[in-house]
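In case you want the letters, here they are:
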Amino acid sequence: MSIDIAPPPTPEKLGEGRAPTGRTTDRVFRYVALGAGLLVFVILALIAWSTTKEAWPAFKFQGLSFVWSKTWDPAHMKFGALALIYGTVVSSVIALALGVPVSLGIALFVTEVAPDWVRRPVIYVVDLLATIPSVVYGLWGILVFAPAVQGFYQNVADFFSGVPVFGLLFSGNPVVGRSIMTAGVILAIMIVPIVTSIARVVFATVPSEQKEAAYGLGATRWEMIRGAVLPHSRSGVVAGVMIGLGRALGETIAVALVIGSSAQITARLFSSGDSMAAVIANQFGEAAGIHRSALIGLGVALFVLTLLVNVFARWIVSRSAHEVATGAVR
Amino acid sequence: MTASMLTSSDRSRQLRSGLATGFMILSFLIMLVPLVLIVGYVLQRGAGIISWDFLTRDLPIIDRSADGGIGPAIVGTLLIVGVATLMAVPLGVLGGIYLNEYGGNRRTAVVVRFLADVMTGVPSVVMGLFIYTIWVLRFHNQSAFAGSLALGCLMLPVVIRTTEEVLRLVPAEQRDASYALGGRKATTIGRIVVPAAVPGVLSGALLAIARAAGETAPLLFAIGFTTRTNTNLFHGSNVALPFLIFRNATSPFTAAQDLAWGAALTLIVIVFVFTLLARLVAARFDRRSRA
């Protein structure tokens, strides 16, 4: 977004406001503004208090096995979230593995390669990806992408069968379209715009003297990027990746539609799985009592997890020179 | 240096650099694929379904039935997002004013700024659960207003930080000039700083609206479900486009899926219009301030 400023009003307008304003107005306005700022703190505190309070019965009922047990079976009053945490983390890691290289590639393309007339359209198109609502990704994922990709998964699984590690990762029990892998792919598409825009801002802060110095020493473009751009941007890029991770961990609707909704811990990425956010979305409607309380408990766990990731990201940003990068995060 | 002077190591360095550049261009093309596929598919499936009838009629009472439209969901979306905007934008602008005009680098301001950034990272489903526990459970009230509260909480930190950044661009000389003419701080902010920043704030607010309009998870537990238009903000269940799409996406019936595609196209158009407005506002004032 480009941010711009209107011209100052004509001086005559100034006098009008002078007479009725006094010291009291000044002070009142100051406190109102401060109050609005503090609202952020109040809301965050209320989120923590209110959700924890409602989740408490489930925490008490299930105890520590809420995070250690892998059996999530509401019908038999078993609320172990480990398989859901696993699904959340694995689908997000897939998203990072696929999405981050592409994001950095686009950001480098925009800042270091593309001529001016290409730069703007590329940025617009990436931003366009960010405007698609997550539920539309989910709708496309469940009705178009998942059915179409199942055969491809099967081919990949056949190709790698017998190969150590890969043979296990790229397989399923059974191979299905709505799977952990599909959730990861959709999440990857969804985090590309945010990671790209942060990386772009960070890369743009690299002093041109340093780039020119690298070229002056005879570096190729790639050597210049490795020697000047990347070292200078490392912390900013890490922060961007963390913010992307936070988005992926908390994404609900798209994942709820494509992950397959079966809570299990498996290394086979073409199998169906489930995530914390997805279970909340899918089960809340028909949940009551301890079950509902346990779902709110998943929300608490998700809140804590994303809070840690985001605090870490902001901490990196605040201690590096990339303050400017926060501006890219919306 | 002529080509003949290149050693083989030079050539491999050039090759590597070329490959890296190729990967960067490829990245962009890779990203284009899902964009084209998704937008193309939504257009293809949605365009045949949308008609004036479809946009205005009530939802079908039976999912199997192709007889009905998405009128109530459009009204619900506009109502919920509109009220969320009315709450989040004034408060967010005040918060931004605090950060830039009063807080500066004071400890309170640094903490508020940090928390606002952290709050933008709170998953929207958690915001939905929050409003469920603090509003819906307390007042036994699923309504458009509960949805607005959830969306408002999501928009607030975005508006705060956007406002702060736009205010930072207002030249200090303008403030000084106002003080020199005897303007008090509140007067200066109200008459000089904020008016100068209006286009930037407006553009940021429009982007926040566009994002809020597409949110599903915050509404899941807040607004309930209804097949008829409900314009009562505080009373009775409501329905919104994203929620309707989510509900119908898992339906086995073709008619329900068609409804979802039509609703998806409508939603994308709404979101796109707000995004475009934001850009136009930004571009228009850009030209004016340069002139």
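Computed from a predicted structure; not experimentally measured.

Colleague: Explain the overall build of chain B to me, please; I cannot follow it from the model alone.
Modeller: Along the backbone of chain B there are ten helices and zero strands. Ordered by position in the sequence, the α and β elements of chain B form the string α-α-α-α-α-α-α-α-α-α. Relative to its length of 291 residues, chain B is extended, with a C-alpha radius of gyration of 25 Å against a globular reference of 19 Å. Within the span of chain B, comprising 291 residues, buried residues form 54% of the whole. Considering only contacts within chain B whose residues lie at least 6 apart along the sequence, 75% involve residues at least 24 apart.

Colleague: Please explain the nonpolar core as it appears in this structure.
Modeller: Here is a general trend for soluble globular proteins: nonpolar side chains tend to be buried in one another's company. If you look at the biggest cluster of nonpolar residues, it comprises 207 residues, and the most contacted ones within it are Val136 of chain A together with Ile131, Ile245 and Ala264 of chain B. Counting residues per element, this core draws most heavily on helix α8 (residues 180-204) of chain A, which supplies 18 residues.

Colleague: Would you mind showing me how to read the interface of chain B and chain A here?
Modeller: Quite often, the size of an interface is put as the accessible area lost when its parts meet. With 98 residues of chain B in contact, the opposing surface of chain A contributes 86 residues. If one sorts the elements of the side of chain B that touches chain A by residue count, helix α1 (residues 8-47) of chain B sits on top with 19 residues. Each residue belonging to the side of chain B that touches chain A can be placed in one class, and the counts come to 65 nonpolar, 24 polar and nine charged.

Colleague: Can you help me understand helix α8 (residues 185-213) of chain B in this one?
Modeller: For α8 of chain B, built from 29 residues, the straight-helix expectation of 42 Å at 1.5 Å per residue is missed by more than 12%, its first-to-last C-alpha distance being only 36 Å. Burial of α8 of chain B is extensive: 24 of the 29 residues sit out of reach of the surface.

Colleague: What am I meant to see in the environment of valine 125 of chain B here?
Modeller: Mapped onto the elements, valine 125 of chain B comes out in helix α5 (residues 124-139). The exposure class assigned to valine 125 of chain B is buried, which follows from the 30 C-beta atoms found within 10 Å. Along the chain, valine 125 of chain B and glycine 104 of chain B lie 21 residues apart, while their C-alpha atoms are 32 Å from each other. When sequence neighbours within four positions are dropped, the list of residues in contact with valine 125 of chain B reads Gly250, Thr252, Ala277, Ile280, Ala281 and Gly299 of chain A together with Ala217 of chain B.

Colleague: What am I meant to see in the packing of helix α2 (residues 23-62) of chain A against helix α13 (residues 289-319) of chain A here?
Modeller: All names here are of chain A. Viewed as axis vectors pointing N to C, α2 and α13 meet at an angle of 125°, and their least axial separation amounts to 7 Å. The angle between α2 and α13 places the two elements in the oblique class. Judged by the sense of rotation from one axis to the other, the crossing of α2 with α13 is left-handed. Between α2, through Ile47, Thr51, Thr52, Glu54, Ala55, Pro57, Ala58, Phe59, Phe61 and Gln62, and α13, the contact on the second element is made entirely by Ile290, Ser293, Ala294, Ile296, Gly297, Gly299, Val300 and Phe303. Class assignment of the residues belonging to the contact of α2 with α13 gives a composition of eleven nonpolar, six polar and one charged.

Colleague: I'm lost on the environment of phenylalanine 145 of chain B in this one. Help?
Modeller: Residues and elements named next belong to chain B. In this fold, phenylalanine 145 is placed in helix α6 (residues 144-168). With 82 residues separating them in the primary sequence, phenylalanine 145 and aspartate 63 have C-alpha atoms 26 Å apart. In contact with phenylalanine 145, not counting residues within four places along its chain, are Val83, Leu233 and Phe234.

Colleague: How should the environment of leucine 82 of chain A be read in this particular structure?
Modeller: All names here are of chain A. Mapped onto the fold, leucine 82 is located in helix α4 (residues 82-113). Take leucine 82: there are 17 C-beta atoms within 10 Å of it, and that puts it in the partly exposed class. In this structure the C-alpha to C-alpha distance between leucine 82 and glycine 105, which are 23 residues apart in sequence, comes to 34 Å. Setting aside residues no more than four positions away along its own chain, leucine 82 makes contact with Val67, Trp68, Ser69, Lys70 and Ile265.

Colleague: When you look at the confidence of the model for chain A in this model, what are you seeing that I'm missing?
Modeller: For residues with low pLDDT, the predicted coordinates do not support detailed interpretation. Residue and element names in this part refer to chain A. Overall, the predicted model of chain A reaches an average pLDDT of 88, with 90% of residues at or above 70. Contacts of residues 14-19 to residues separated by more than four positions or lying in other chains number ten contacts, the stretch itself having pLDDT below 50. In this model residues 322-330 is a low-confidence stretch, pLDDT under 50, and it forms 29 contacts with partners more than four residues away in sequence or in other chains.

Colleague: It is not clear to me how the packing of helix α9 (residues 208-216) of chain A against helix α10 (residues 221-250) of chain A should be interpreted in this structure. Could you clarify?
Modeller: Think of two packed helices as two axes; the pair is described by the angle between the axes and how far apart they sit. Residue and element names in this part refer to chain A. Where α9 contacts α10, the two axes come as close as 9 Å, and the packing angle between them is 155°. By the angle between their axes, α9 is roughly antiparallel relative to α10. In this structure, α9 crosses over α10, and the sense of that crossing is right-handed. Each of Gln210, Lys211, Ala214 and Tyr215 in α9 lies in contact with α10, whose residues at this interface are Glu223, Met224, Gly227, Ala228, Val229 and His232. Classifying every residue of the contact of α9 with α10 by side-chain character gives five nonpolar, three polar and two charged.

Colleague: Any chance you could explain unusual backbone geometry here in plain terms?
Modeller: Glycine aside, a negative phi is what most residues show, and trans is what most peptide bonds show. Between asparagine 173 of chain A and proline 174 of chain A the backbone carries a cis peptide bond, its omega angle lying at -5°. Unusually for a residue other than glycine, valine 165 of chain A sits at a positive phi of about 60°. You can see valine 165 of chain A is positioned in the loop between α6 (134-160) and α7 (166-169). Its 9 C-beta neighbours within 10 Å are what place valine 165 of chain A among the exposed residues. One non-glycine residue, histidine 140 of chain B, lies in the positive phi region at around 45°. Among the structural elements, histidine 140 of chain B can be located in the loop between α5 and α6. Taking the number of C-beta atoms within 10 Å as the measure of exposure, histidine 140 of chain B has 7 and is therefore exposed.

Colleague: Help me understand α10 of chain A in this model?
Modeller: Given 3.6 residues to a turn, an α-helix orients residues that are three or four positions apart in the same direction. Residues and elements named next belong to chain A. Over its 30 residues, α10 extends only 37 Å from the first C-alpha to the last, a length that falls short of the 44 Å expected when each residue adds 1.5 Å. A bend of about 60° at arginine 234 is the largest found in α10. Of all 30 residues in α10, 21 are buried; the element is thus mostly enclosed.

Definitions and limits used
- Residue numbering note: each chain is counted from 1, following its sequence as written.
- Here chains are named by letter from A upward and ligands by number from 1 upward, in the order in which they appear as written.
- With the structure being a predicted model, the display of local features is reserved for residues of pLDDT at least 70 and the display and counting of side-chain atom pairs for 80 or more, all residues being used for whole-chain, interface and lining totals.
- Strands here mean DSSP runs of E at least two residues long; helices mean DSSP runs of H or I at least four residues long; both are numbered from the N terminus.
- With C-alpha atoms as the basis for the radius of gyration, the globule rule is written as 2.2 Å multiplied by the number of residues raised to the power 0.38.
- Think of it as a crowd count around each C-beta: if 20 or more other C-beta atoms lie within 10 Å the residue is buried, if 12 or fewer it is exposed, and in between it is partly exposed, with C-beta placed from the backbone throughout.
- Distance between backbone-placed C-beta atoms decides contact: two residues are in contact if it is within 7 Å.
- For our purposes the nonpolar core covers buried Ala, Val, Leu, Ile, Met, Phe, Trp, Tyr and Cys residues that link as a set through C-beta atoms within 7 Å.
- Residue polarity is assigned by list, with Asp, Glu, Lys and Arg as charged and Ala, Val, Leu, Ile, Met, Phe, Trp, Tyr, Cys and Pro as nonpolar; anything else, Gly included, falls into the polar class.
- Multiply 1.5 Å by the residue count of a helix minus one, and that product is the helix's expected span.
- All axes here are fitted lines through C-alpha atoms, helices being fitted over the stretch that makes contact, and every angle between N-to-C directions spans 0 to 180 degrees.
- Roughly parallel means an angle under 35 degrees; roughly antiparallel means over 145; roughly perpendicular covers 65 to 115; every other angle is labelled oblique.
- Here a crossing is taken to be left-handed if its near helix is turned anticlockwise relative to the far helix by less than a right angle, and right-handed if that turn runs clockwise.
- Each residue carries a pLDDT score, the predictor's own confidence in it, on a scale running from 0 to 100.
- The angle between axes fitted to the seven residues ending at a residue and the seven residues starting there is what we call the bend at that residue.

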